[in-house]
Amino acid sequence: MIDIHSHLLYGVDDGSETLEDSIELLKKAQSDGITDIILTPHYIRNGEYRLKAKDIIKRYHDFIKEVKDYTDINLYIGNELYIHSELDNMILMKDILSLNNSKYVLVEFPFREYKDDYDEYLYNLDTLGYKIIIAHPERYKYVKDDKNFVRRWTDCGYLLQVNQNSLNKNDTRHMIYDWVAKGYVYFIASDAHNEYRPCILSDAYKNIVKNFNKDLADRLLINNPKCVLEDKYISKMPIVKKKFLGLF
């Protein structure tokens, strides 16, 4: 399995705090069957976490050397980009990172309020040729209040990434099943931060196999993430039926 969203690069954001923490998370990820991870430290232009790309890349290369004796997982670098009017200019200036230097970018939003201006900021990235991945939409209040809110993103061709632990929560599980059935979800990732939010994906894989099918689980946790790593086109997700009715 391949994880496109994690905060295992220690000491740069609200994720892993120490090298030891990162090593433990990586060991657990490897035992879980994860083969590849994109490290995606937060970039928040007006916030606390705003290390520029050159500094993140240096930290990444140092990190690779520090953990190479503890894990066989392939590690890559990117950013989780907090929505901002300057994202398009910053990515052109190489101040922020796409996922593994691909045309895929991971974008996060405020948890409580969505401004219409954000649509323009996304459009500006889109016109540069970047493929936008929406980070954990199920966590946003405005989405929970209106599960059809995500149509403003999916209608534009943006790809939804949901968190693996959201499949275990009553307030998000059935909403995600609905999106999966409609072909809105393209990735399930860990969004790992610490021992309480670990880097695991096998439970989510089993969940999708049980409730939908194995081919869909492969796409969400292996094939589509691999396309991101290789900067390849991802074909449209199918509309599928859930095995067990009465859960939406």
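Our subject is the structure that appears above.
A few points on the structure. (Residues numbered from 1 in each chain as written. Predicted model: local features only at pLDDT ≥ 70, side-chain atom pairs only at ≥ 80, totals over all residues. Heavy atoms only, no water.)

**Concerning the environment of aspartate 191**
Right, on to step 1. Tracing the backbone through its elements, the reader meets aspartate 191 in the loop between strand 9 (185–189) and helix 8 (202–211).
Right, on to step 2. Taking the C-alpha atoms as reference, aspartate 191 lies 16 Å from arginine 173; in sequence the two are 18 residues apart.
Right, on to step 3. The contacts of aspartate 191, once residues within four sequence positions are left out, are Asp3, His5, Ser6, His7, His136, Arg139, Asn163 and Arg197.
Right, on to step 4. Polar side-chain contacts of aspartate 191 include one of 3.3 Å to the side chain of histidine 7. (Helix = DSSP H or I, 4+ residues; strand = E, 2+ residues; numbered from the N terminus. Contact = heavy atoms within 4.5 Å. Polar contact = N/O pair within 3.5 Å; in protein donor to acceptor, adjacent residues only side chain to side chain.)

**Notes on the pattern of salt bridges**
Right, on to step 1. In total, this model carries 14 salt bridges according to the counting rule given.
Right, on to step 2. Residue aspartate 145 is joined to lysine 141 by a salt bridge in which the shortest nitrogen-to-oxygen separation is 2.7 Å. Of this pair, aspartate 145 and lysine 141 both sit in helix 5 (residues 141–145), four residues apart, which is roughly one turn of that helix.
Right, on to step 3. By relative accessible area, which is 32% here, lysine 141 ends up partly exposed.
Right, on to step 4. Several salt bridges converge on common partners, so that one network encompasses Asp116, Asp119 and Arg152. (Salt bridge = Lys/Arg side-chain N within 4 Å of Asp/Glu carboxyl O. Buried < 20%, exposed > 50% of the residue type's maximum accessible area, 1.4 Å probe, protein only.)

**Notes on the packing of aromatic side chains**
Right, on to step 1. All chains considered together, the criterion is met by 16 aromatic pairs.
Right, on to step 2. On the numbers, 6.2 Å between centres and 45° between planes, the contact of phenylalanine 109 with tyrosine 118 is tilted.
Right, on to step 3. Note on tyrosine 118: relative accessible area 10%, which makes it buried.
Right, on to step 4. Ring geometry for tyrosine 118 and tyrosine 121: centres 6.0 Å apart, planes at 50°, overall tilted. Taken together, the residues span about one helical turn, with tyrosine 118 and tyrosine 121 both in helix 4 (residues 117–127) at a distance of three residues.
Right, on to step 5. According to the relative accessible area criterion, tyrosine 121 is buried, its value standing at 18%.
Right, on to step 6. One Lys or Arg, lysine 103, reaches over the ring of tyrosine 130 and ends 4.3 Å from the middle of that ring. (Phe/Tyr/Trp six-rings, centres within 6.5 Å; stacked < 30°, edge-to-face > 60°. Lys NZ or Arg CZ within 6 Å of the ring centre and 35° of its normal.)

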